[in-house]
Amino acid sequence: MPLPGLFIDIILIVLAIIIAYALYKLLKTAKKIAINIIVGFLLIFAANLLGITSIPLSFSFPTLVTLIVTALTGVFGALVLIILNIFGFFPF
C-alpha cells in the first residue's frame, strides 16, 4: 500500500511550493516598502541639507511626528511634510 504515502508526499510538495510562493511575494512587497521608507527619509534629509525646509532635526534624526509620518507613508508623506513646511504649516 505505497499509495497513501505517495499521496501525502505529493500534498506536502504542493504545500511547500504554495508557501514558498507566498513568502516570495511577501518579501518582494516588503522590500519595496522598505525602499520607499528609506527614500522618504533621505528626501527629508536632503531638503534640510539644501535649506529648502526647516523640518526640525535633533541629532540628525527627525522629530517623532516626522518619523511616524514618513515611516507609515514613505516618499508621499515626506513630500507632504516638505510642502507643508514650505508653506509654514509644519511648525513642529
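From a predicted model like this one, the values you see are computed outputs, not experimental measurements.

**Here we look at the overall build of the protein chain**
- Scanning the protein chain for helices and strands turns up three helices and two strands.
- Walking the protein chain from its N terminus toward its C terminus, one meets helices and strands in the order α-β-β-α-α.
- Per-residue burial for the protein chain yields a buried fraction of 18% across its 92 residues.
- Considering only contacts in the protein chain between residues 6 or more positions apart, those separated by 24 or more positions represent 66%.
- Of the accessible surface of the protein chain, which amounts to about 7,000 Å², a share of 84% is contributed by carbon and sulfur atoms.

**Some remarks on the side chain of Thr-70**
- With respect to the helices and strands, the residue Thr-70 is situated in helix α2 (residues 64–73).
- Beyond its immediate sequence surroundings of up to four residues, Thr-70 is in contact with Ile-37, Gly-40, Phe-41, Ile-44, Ala-78 and Leu-81.

**Digging into the environment of Phe-45**
- Looking at where Phe-45 falls in the secondary structure, it is placed in helix α1 (residues 3–49).
- Linking Phe-45 and Ala-78, residues 33 residues apart in sequence, is a C-alpha distance of 9.9 Å.

**Notes on the confidence of the model for the protein chain**
- Scored by pLDDT, the protein chain has a mean of 79; 85% of the residues are at 70 or more.
- When pLDDT is averaged over each helix and strand of the protein chain, the minimum, 54, is found for strand β1 (residues 57–58) and the maximum, 86, for helix α3 (residues 75–86).

**Looking at a nonpolar patch on the surface**
- A cluster of nonpolar side chains, Leu-6, Phe-7, Ile-8, Ile-10, Ile-11, Leu-12, Val-14, Leu-15, Ile-18, Ile-19, Leu-23 and Leu-26, forms an exposed patch at the surface whose accessible area comes to about 1,200 Å².
- Relative to the assigned elements, Ile-10 resides in helix α1.

Reading the values: the criteria
Note that residues are indexed from 1 along each chain, following the sequence as it is written. Given that the model is predicted, a residue must reach a pLDDT of at least 70 before its local features are reported, and side-chain atom pairs must reach 80 or more before they are shown or counted; all residues, however, enter totals for whole chains, interfaces and linings. Only hydrogens and water are set aside; all other atoms, that is, all heavy atoms of the structure, feed into the side-chain values. Elements are defined by DSSP. Helices are runs of H or I of four residues or more, strands are runs of E of two residues or more, and each kind is numbered from the N terminus. Relative accessible area decides the class of each residue, using a 1.4 Å probe on protein chains only: under 20% of the type maximum gives buried, over 50% gives exposed, and in between gives partly exposed. Whether two residues are in contact is decided by their heavy atoms: any pair within 4.5 Å suffices. Throughout, the Shrake-Rupley method with a 1.4 Å probe supplies accessible areas, and for residues the shown protein chains are the sole cover considered. The quantity called pLDDT is the predictor's confidence in a given residue, expressed from 0 to 100. Patch construction takes residues with relative accessible area above 30% that form no salt bridge. Like charges are linked within 9 Å, and nonpolar side chains (Val, Leu, Ile, Met, Phe, Trp, Tyr) are linked within 5 Å. For salt bridges, the criterion is a side-chain nitrogen of Lys or Arg within 4 Å of an Asp or Glu carboxyl oxygen.

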